[in-house]
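Report on the structure
Next come the chains, spelled out residue by residue.
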Amino acid sequence: MFVVGYLFSGVTHSHHSFTSEFTAEKIIKLNGNVKQVWFRNPHVRYLLTVGTSEDKSETWDLRGSPVVWLARKGWTKDIISMGDNIIVEGYPGHNGRKMLSIIRVTLSDGTVLIDRAPE
Amino acid sequence: MPCLLLKANELDFEGRWIVSLQDNKRTLVGLLEIEKNNQDWKAYLEGGPVEIKIKENEIEILADSRDVRGFVFNRRLSGSLEDNKIQGRYQQEGTAAQKEAPGPWSAIREQISDLSVESPSKTKSADLTGIWTATQELDFRKYSMTLTQDGKDWLDSYLPYYDQPDVRCTSIGLPALVTYSFPFEILYSNERLTFLYEYQAKVRRIWTNDEKPSSFMTSSRMGFSNGIWEGNELVIKTRLLEKTVRDFRGELISENALIEERYSISDDGETLTALIIVDDPDNYERRPIRRRQWVRNSSTEIFPYSCDPDSFYIPMYEDGEMQMYIDRSPLRF
């Protein structure tokens, strides 16, 4: 469970402004265990426990699209549960804040969930 | 007799143009206004200012925009004017979540349609009923607008995210709701259209008779709407609006605003297009324009929408920002 590193940019979305919260300058990838699930509008939220190299952990605040958008694509409440190990990619928070605007989640069985709404 | 090709004069750029830009996935359309005041060129795209350079028959425009995640970027349009048409290439600049490949763009003179040909009518002319799903077409998503001093002062005081209505489950209202990418359904009944929006589960009543708001009716985020048919085009005018922000950027819509929406449907009845114009002289020197397109989608449904603002308030509390939020209460609505 570690911060994996930077990827190329790509992909889109979310419904309301995360401009003040997230940066488009880079995409990062996290591997961790889900600590808390908020599957509600106006946007879903997961807390993720991520291990660090000093044998410690930190909590990341993951933000996704509204429930109505995700549910339409089969991303339902029970697809990610507390304790699940996931890999998530997204736009990180400004100024080093441990927040992430979700682009893609990979579940432990290899299932890939894309948080991508149309313009 | 040899053909004489006249090279465009710089002043030929002046006027109102309809710009069409081809991204690799879609076509964007917008109104470009070019003016010359003394020696300075000024230009506006969809009501918002853009940088412009003109030399002989060459033109370059730098227009800001934003993607759905809210990341701001520019499009640089370079081209030349010949035979009363501007053509060239454009490219995206800056960091955006949605990448656009360089592509062609063109502009032709705006054609003012003679609306008097079609007598306004309260009779339903086209079938708009059904569920509509947004496409990615048309809208430039022009970011900055031409604000009055009051509009600028308001924007300076706005704190993005924290002052945004929808993060705390408050209605975003008009015109933002019309431009959002979630599906909506149109129902038709006698002398009334009803729009059911999935996002925030909002309802709009559009009266196609002489219905007027009662003297006791309060202003609201949805306002009071009357619709009239101009041929096959449904023209909706909405007043009695409550203050809100035009978009999450935070520009103000005043209670004096009038919002005009012009809906037209394709010949096959499968594509619906809207032109949305905000007339609010309190805040805008030029009317902001947005566009939206949908396709008829009988295979989808409008999902229920309930909203819980905990995802907004709890992190704010944990970050020690709650007092700041409370102190700013008078600035929010």
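What you are looking at is a predicted structure, and each value in this text was computed from that prediction instead of being measured.

The rules behind these values
- Sequence order sets the numbering: in each chain, residues are counted from 1 along the sequence as written.
- The naming scheme follows written order: chains are lettered A onward, ligands numbered 1 onward.
- Reporting in this predicted model follows two pLDDT cut-offs: at least 70 for local features of residues, and 80 or more for side-chain atom pairs to be given and counted; totals over whole chains, interfaces and linings ignore these cut-offs and use all residues.
- Helix and strand assignments follow DSSP, with helices taken as H or I runs no shorter than four residues and strands as E runs no shorter than two, numbered in order from the N terminus.
- Values of the radius of gyration come from C-alpha atoms, whereas the globule rule sets the reference at 2.2 Å times the count of residues to the power 0.38.
- Three exposure classes are used, based on other C-beta atoms lying within 10 Å of a residue's own C-beta, which is placed from the backbone: buried for 20 or more, exposed for 12 or fewer, and partly exposed in between.
- Contact criterion: two residues are in contact if their C-beta atoms, reconstructed from the backbone, are within 7 Å.
- In this description, a nonpolar core means buried residues of the types Ala, Val, Leu, Ile, Met, Phe, Trp, Tyr and Cys, linked to one another by C-beta atoms lying within 7 Å.
- An automatic or database domain assignment supplies the start and end points of every domain.
- pLDDT is defined as a per-residue confidence score from the predictor, taking values between 0 and 100.

Here the focus is the overall build of chain B. Of the regular secondary structure elements, chain B holds four helices and 20 strands. Taken over the C-alpha trace, chain B has a radius of gyration of 21 Å; the compact-globule value for 333 residues is 20 Å, and the two agree within 12%. If one aligns the C-alpha atoms of chain B with their principal axes, the spans along those axes are about 75 × 55 × 40 Å. Buried positions account for 35% of the 333 residues belonging to chain B. Across chain B, every contact between residues at least 6 apart in sequence was considered, and the portion connecting residues at least 24 apart equals 55%.

Our focus in this paragraph is the nonpolar core. Most often, soluble globular proteins have nonpolar side chains that are buried together. Residue and element names in this part refer to chain B. Counting 67 residues, the largest nonpolar core has Leu32, Ala43, Val50, Ile61 and Leu177 as its most contacted members. Two domains share this core, each providing at least three of its residues, namely domain 1 (11-109) and domain 2 (116-296). Those residues within four positions of Ile61 in sequence are excluded, and the remaining contacts are Ala43, Val50, Glu51, Ile52 and Leu77.

Confidence along chain B averages 90 in pLDDT terms, with 94% of residues attaining 70 or more. Scored by ipTM, the complex comes to 0.80, with pTM at 0.88.

As a further point, take the environment of Tyr263 of chain B. Residue and element names in this part refer to chain B. Following the sequence through the fold, Tyr263 ends up in strand β18 (residues 258-265). The sequence separation of Tyr263 and Gln293 amounts to 30 residues, and the corresponding C-alpha distance is 9.4 Å. For Tyr263, the contacting residues outside a window of four places in its chain are Leu128, Glu233, Leu234, Leu272 and Ala274.

On to the environment of Asp153 of chain B. All names here are of chain B. One can find Asp153 in helix α1 (residues 149-157). On the basis of neighbour count, Asp153 is assigned to the exposed category, with 12 C-beta atoms found within 10 Å. Placed 98 residues apart in sequence, Asp153 and Glu251 show a C-alpha to C-alpha distance of 9.8 Å.

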